[in-house]
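If you want the building blocks of each chain, they are given just below.
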Amino acid sequence: MIQINFWAIFVAALIPLIVGFIWYNPKVFGSVWMKEAGLSEEKIQGGNMGFVFVFAVILSFLVAFFLQMVTIHQFGAVGMVGGDEMNAKDSYAAFMKDYGMAYRSFGHGALHSFMAGAFFVFPMFAINAMFERKSWKYTMINTAYWTVTITIMGGIICGWYAIDGFHWVTQK
């Protein structure tokens, strides 16, 4: 059975705040981003930042939860048997025995998440930005932020099993 590692997901869910703190700092991309987004310091300070940060972590948890499906191939095998591993054919058990921990590394998770950034996040941001009449600078700042962020998140989620005591379990 594939068990979800909520510790890895929780740690990964903190990455958007950490990377965002650096990325959107005025000394990095923050000033350019604010200009391109049409924001001012007053407008940013006017919101309920406690709510924003708490809700951002909750939403980041959802992103991290989804990234396990992108980075852990064995979830696809579970999906192929309808999620019911106990009633799967012997070939499923043999597959999981042979490949249950295959491709579980930080690098593998980072690669798949980077590809999701390039081929999923970028088109979504670009489409919205075109209709919102935002600049390509705005598009690239946000796309690059999310691509870097989910690359790190996916690496953590996929590679966490190597940490002793916190690993994914595959069994029949």
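Points about the layout of surface pockets
Right, so step 1: Taken as a whole, the largest pocket encloses approximately 1100 Å³ of empty space.
Right, so step 2: Taken together, 31 residues form the lining of the largest pocket, with Tyr24, Trp33, Met49, Val52 and Phe53 sitting closest to its centre.
Right, so step 3: Elements that contribute at least two residues to the lining of the largest pocket include exactly helix 1 (6-23), helix 2 (30-37), helix 3 (41-45), helix 4 (49-71) and helix 8 (136-159).
Right, so step 4: Ranked by the residues each element gives to the lining of the largest pocket, the list is headed by helix 4, at nine residues.
Right, so step 5: Residues that form the lining of the largest pocket fall into these classes: 21 nonpolar, seven polar and three charged.
Right, so step 6: Reported here for the second largest pocket is a volume of approximately 250 Å³.

Some thoughts on the nonpolar core
Right, so step 1: Residues Ala12, Trp33, Ala64, Ile150 and Met153 are the most contacted members of the largest nonpolar core, which totals 22 residues.
Right, so step 2: For this core, the secondary-structure elements that each account for two or more residues are helix 1, helix 2, helix 4, helix 7 (106-132) and helix 8.
Right, so step 3: Per-element accounting of this core gives the leading share, seven residues, to helix 8.
Right, so step 4: Ignoring sequence-local partners within four residues, the contact set of Ala64 consists of Ile9, Ala12, Ala13, Met153 and Ile157.
Right, so step 5: Membership of the second largest hydrophobic core comes to five residues, among which are Val78, Ala88, Tyr92 and Met96.

Cut-off values and rules
All residue numbers refer to position in the chain's written sequence, counted from 1. With pLDDT at 70 or above as the cut-off, local features in this predicted model cover only qualifying residues; side-chain atom pairs require 80 or more to be listed or tallied, and sums for whole chains, interfaces and linings still use all residues. Side-chain metrics rest on all non-hydrogen atoms present in the structure, leaving aside hydrogens and water. Of the two site types, the cavity is a set of points on a 1 Å grid over the protein atoms alone where a 1.4 Å probe fits but cannot get out, and the pocket is an open set with protein on both sides within 12 Å along at least five of seven lines, each lined by residues with an atom within 4 Å of a point. Grid points are joined across faces, edges and corners, and a volume is the space filled by probe spheres set on the points. Secondary structure elements follow DSSP: runs of H or I no shorter than four residues count as helices, runs of E no shorter than two count as strands, and numbering proceeds from the N terminus. Each residue gets one label: Ala, Val, Leu, Ile, Met, Phe, Trp, Tyr, Cys and Pro are nonpolar, Asp, Glu, Lys and Arg are charged, and the others, such as Gly, are polar. As used here, the term nonpolar core means buried Ala, Val, Leu, Ile, Met, Phe, Trp, Tyr and Cys residues forming a set that is joined through side-chain atoms within 4.5 Å. Throughout, exposure labels follow a simple rule: accessible area from a 1.4 Å probe, protein chains only, divided by the maximum for the residue type, with under 20% read as buried, over 50% as exposed, and the rest as partly exposed. Any two residues having at least one pair of non-hydrogen atoms within 4.5 Å are treated as being in contact.

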